[in-house]
Amino acid sequence: MRELATGRDVRGRIVAVAAWGGAALVVASFGLLVADLARRGAGELTWRYLIEAPRDAGRAGGILPIAVATVWMVALALAFAAPLALATALFLDEAGTPSAPRALRRAAAVTRRSLDVLGGVPSIVFGLFGNALFCRSFGWGYSLLSGAATLACMVLPLMVATFDEGLQRVPAAERAAAAATGLSRSATLRHVLLPRAAPLLLAGTGLAVARSLAETAALLFTAGYADGWPRSPLDSARSLSVHVWDLALNVAGGDARACAAALLLLLVVLALHGAVRGGLGWVLRRRSRGHGESVR
Amino acid sequence: MKAEKDCCAGRALGAGGCGRVAFERVDVAYHGRLAVRGVSLAVAPGRTLALVGPSGSGKSSLLFCVNRLIDLVDGATVAGRVTLDQRDVRSPEVDLLDLRRRVGMVFQRPTPFPFSIRRNLELPLQERGIAARSERADRLRAALVAVGLWDEVADRLERPATALSGGQQQRLCLARALVLEPEVLLLDEPCSALDPLAAAVVEESLAALKGRVTTLLVTHSLAQARRLADDVALLWHDGSAGTLAELQPTADFLGSPKSALARAFVAGAGR
Amino acid sequence: MPSDTRHEEARSQELRRRAARRSDALLRGASVFGALIAAALAWWIAAWLVRESAPSLAAVGIGGFLRDARWNPAGGEFGLLPMVATSVTVAVGALLLALPLALATALFLLGYAPPALGSAMRLLLDLLAAVPSVVVGFFGLIVLVPWLARIAPPGASLLAGILVLALMVLPTLAVMVEAALAAMPAAERSAAAALGLSRATVLLALALPRARRGVAAAALVALGRALGETMAVVMVCGNVVQWPAGLLLPVRTLTANVALEMAYASGTHRGALFVSGLLLLLSTAVLVVAAAWRGGGAANPERRAAGAVGA
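Just so we're clear, the structure is a prediction, and the values are computed from it rather than from any experiment.

Draft legend 1. Representation of the pattern of salt bridges within the structure. One pass over the structure, following the stated rule, counts 36 salt bridges over all chains. Salt-bridge contacts for A:E174 lead to A:R196; the nearest nitrogen and oxygen are separated by 2.7 Å. Taken together, the residues A:E174 in helix α7 (residues 172-180) and A:R196 in helix α8 (residues 185-214) connect sequence positions 22 residues apart. The exposure class of A:R196 is buried, given its relative accessible area of 15%. Of the charged contacts in the structure, one is a salt bridge between C:E52 and C:R270, with a shortest N-O distance of 3.2 Å. Of this pair, C:E52 sits in helix α1 (residues 2-67) while C:R270 sits in helix α11 (residues 267-295), and the two are 218 residues apart along the sequence. Taking the relative accessible area as the measure of exposure, C:E52 reaches 17% and is therefore buried. It is possible to trace a salt-bridge network through shared partners that takes in A:D93, A:E94, A:R175, A:R185 and C:R28.

Draft legend 2. Representation of the interface of chain B and chain A within the structure. If you look at the interface, chain B gives seven residues, while chain A gives seven residues. Across the chain B/chain A interface, buried area totals approximately 490 Å², and carbon plus sulfur atoms make up 57% of it. When the area that chain B buries against chain A is broken down by residue, the three leading residues are B:L72, B:D95 and B:L97, summing to 61%. Run the count over chain B and chain A and you get one salt bridge. A salt bridge links A:R11 to B:E127; the shortest N-O distance between them is 3.3 Å. Where chain B meets chain A, there are one residue pair in polar contact (both at pLDDT 80 or more). At three residues, helix α2 (residues 96-102) of chain B tops the list of elements feeding residues into the side of chain B that touches chain A.

Draft legend 3. Structural view of unusual backbone geometry. Residue and element names in this part refer to chain B. Look at Q86: it is not a glycine, yet its phi comes out positive at around 65°. Among the structural elements, Q86 can be located in the loop between β4 (76-84) and β5 (87-88). A relative accessible area of 39% means that Q86 is categorised as partly exposed. Its identity is not glycine, yet E189 carries a phi of approximately 45°, on the positive side. Judged by relative accessible area, E189 falls into the buried class, the value being 10%.

Draft legend 4. Inspection of a nonpolar patch on the surface at higher detail. A surface patch of nonpolar side chains, about 400 Å² in accessible area, is lined by C:I62, C:L66, C:L81 and C:W243. In this fold, C:I62 is placed in helix α1.

Draft legend 5. Here's a closer look at the side chain of A:H273. Position of A:H273 among the secondary structure elements: in helix α11 (residues 255-290). Looking at A:H273, the relative accessible area reads 12%, which means it is buried. Not counting residues within four places of it along the chain, the set of residues in contact with A:H273 comprises A:L207, A:A210, C:D126, C:L127 and C:A130.

Draft legend 6. Looking closely at the pairing of strand β8 (residues 214-218) of chain B. Residues and elements named next belong to chain B. With five of its five residues buried, β8 lies for the most part within the structure. Strand direction decides the pairing type here: strand β3 (residues 48-52) and β8, joined by four bridges, are parallel. Within β8, the position partnered with T48 by the bridge is T215. Of the pairings in the sheet, the one linking strand β7 (residues 184-188) to β8 comprises five bridges and is parallel in character. Of the residues in β8, the one forming a bridge with L185 is T215.

Draft legend 7. Representation of the packing of aromatic side chains within the structure. By the definition in use, this model includes eleven aromatic pairs over all chains. Between the aromatic rings of A:W20 and C:F108, the centroid separation amounts to 4.7 Å while the plane-to-plane angle is 75°, which identifies the pairing as edge-to-face. Placement of A:W20 in helix α1 (residues 10-41) and of C:F108 in helix α2 (residues 81-112) is noted, with the two residues assigned to different chains. A relative accessible area of 40% places A:W20 in the partly exposed class.

Draft legend 8. Main features of the interface of chain A and chain C. Counting residues at the interface gives 94 residues for chain A, matched by 93 residues for chain C. Summed over both partners, the interface of chain A with chain C comes to about 8300 Å²; 76% of that surface belongs to carbon and sulfur atoms. On the chain A side of the contact with chain C, A:M1, A:R2 and A:R277 bury the most area, a combined 9% of that side's loss. Along the contact surface separating chain A from chain C lie two salt bridges.

Draft legend 9. Molecular detail of the confidence of the model for chain A. In this model, chain A carries an average pLDDT of 87, and 97% of its residues clear a pLDDT of 70 or more. Low pLDDT, under 50, characterises residues 292-296 of chain A; the stretch is placed with one contact to residues that sit more than four places away or in other chains.

Draft legend 10. Region of the structure containing helix α4 (residues 102-120) of chain A. With 19 residues, α4(A) extends 27 Å between its outermost C-alpha atoms, agreeing within 8% with the 27 Å of an ideal straight helix rising 1.5 Å per residue. Three or more residues of α4(A) are buried, namely A:A108, A:T111, A:S114, A:L115, A:D116, A:V117 and A:L118.

Parameters and conventions
- Residues numbered from 1 in each chain as written.
- Chains lettered and ligands numbered in written order.
- Predicted model: local features only at pLDDT ≥ 70, side-chain atom pairs only at ≥ 80, totals over all residues.
- Heavy atoms only, no water.
- Salt bridge = Lys/Arg side-chain N within 4 Å of Asp/Glu carboxyl O.
- Helix = DSSP H or I, 4+ residues; strand = E, 2+ residues; numbered from the N terminus.
- Buried < 20%, exposed > 50% of the residue type's maximum accessible area, 1.4 Å probe, protein only.
- Contact = heavy atoms within 4.5 Å.
- Buried area = accessible area lost by both parts, 1.4 Å probe.
- Polar contact = N/O pair within 3.5 Å; in protein donor to acceptor, adjacent residues only side chain to side chain.
- Patch = residues over 30% accessible without salt bridge, like charges linked within 9 Å, V, L, I, M, F, W, Y side chains within 5 Å.
- Areas by Shrake-Rupley, 256 points an atom, 1.4 Å probe, with all protein chains shown as cover.
- Pairing = 2+ DSSP bridges.
- Phe/Tyr/Trp six-rings, centres within 6.5 Å; stacked < 30°, edge-to-face > 60°.
- pLDDT = per-residue confidence, 0-100.
- Expected span 1.5 Å × (residues − 1).

Written out as structure tokens, the structure reads:
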């Protein structure tokens, strides 16, 4: 709406000032957050920090075992969630075809709504659930595995949503061509759907990783607090986010190291988000340029 | 800037100017591709000019130049001069909002705002700064009377405008344009999206307004041009862009068209 | 021999067709299975929460949770109301603070930002939304709380919680409000422009009323997010269980309570924490459904995010 002329009256000016001012305030808050953390934590964020183990309850030393545990937890969570999300997205995709029976379409609607609700569930509730189901009922106790399973539940709605979006963007013309040549559903999946949806599949995975890294509340009483080397998936381990929490609230004098950990976490998450957005934009732009007329 | 001596004498509508529209060698291009080339024409105050021609000949583009609505179109560029009362509409001294209030426009499809009928008409008045409620009420009534809607909606001004029929909505849009007492009225095929009955009613309103406001009417129907217009301009796409093929008073255009193109057009399209 | 090769071909084609049917069936089975789990998960969570909280609900009774004056598990008192009130107050307060800012930002993006600046702003909003809550909470702890402690002691308080939560819900809110405002049809915009209506008028008098439903849905989503937030509020609110009677009082939300006490809770105490979890689940579920009903379709920020990512 920038093409519309602004009024020279007072109200027009007030609105303009409010708009610019609000935006400036948001930028300033974000800038303040990043700058302050960088200022405090950058000094501690050294190579040694990354490759040493924590000492003195984290007041000294580094974060290597924690970083490793975090990576393991996220990888396991993805291993659980990604196939499940893909399967669900494929179900939603098939139920979306015009010739699908009504029952199937209603099942898909119910699934979507349930996933919406799941997406709104507070992370602490996931923690309670994970504690009751994985730690107690399954008998895994406070472990990397419990944490990963809980994380998988949390990122499922996000992954399904993104995968679904990816599949929806497969041009109808290509699906029709596949059907016309008698391609089976699995062959269509392998040769048409997956390649076409690949950018958003990757994006969904990237976003899920970022979300898992950022998660704390769900891990507090599923994966626990142990800051040593996890020897098996059934060992308790802490993620980087839990480490920040512990140092900030439970360890007196842990502030400096907490700043470093928080800064590292922030940078990784922001870089991941930026990469997903940037990469996706680039891929989609390249595709639309190369396939000019065929994509809508 | 001086206005011409012959206008402004005995003018009933218009505040300040008299509504003389002129195009001087105007080109319009979209993303670099020329759509209209070298159009020059003038419309004297109070006269109605019908712009006819096949689709794609640039009729609507020219219309959009007068109130600079062409600025809203992505990638559109205009060369040449478009003047209102001999002042270039694109000169930096022109207040864009003031220009658009002096030039009213009705689009092909009725676009009532999702408010009550009253608010549809009052919003432009409030914007213009007419604070006195009585004056707004007077203008509102005058505009609705001018389009023949007053009797139909006087008792339900608070009802939503979207509840009106298509013909009524379009007349409301016309009233909304008139409520600001513009000097120029731009009509972009105002009847083509309406059913014949509604179209006829709208045309009646337009006929009643004839002579009071300078009007540029884009239309596909030569019959409508005959009924409503003083002059006809035929625009034709010559393979590269739209150009002005012929400009004459209506009777001459329909009775004895000068160019071969016009003759073919009248013969083929005249209904 | 020709007939042999034809026979061979027919056989291998038949084998391939059967293999294709098998893999299709497998695929179908897997996708149905996946969808079943995905759809059932929310219910499963609810079921487990009920299971774990049932004994406490029976022992203390719903009345107990509501009427007990204090939260003192050791002494058998399980009054949840002060913490419920705190959760609601913090969430509503954050929404009241964030909504005008989100509106201003949306107006900026839609009507005032040059294209390059607009893209940068959108990226910034996305990044701000991605900041982990523990990082925001930590920032609040080491910057906001000391600053508040100087001008309005003690610092760790309801106000700090509201400020931090507002920062967290702002980005998503701004994006959703902008989408709602931008939904004005182009024809209406042209008509408004032709009438000489100014930018501010079009945005406020035309686009905004039209966007009421979308803005309401966005507000509901933000409210759900704020209610469910744990880490940020634990770090800045002070964590004293009391009624949120004043902005500067240290308070504890329902979520913070679970986070702090779950580690050492057992028996009825643990069950009581599950009861509060159940309460949180129900309220956020209601908000999600309400938001979808109001906004129609992708009111879920996850789905909206997915759409925005691909855009």
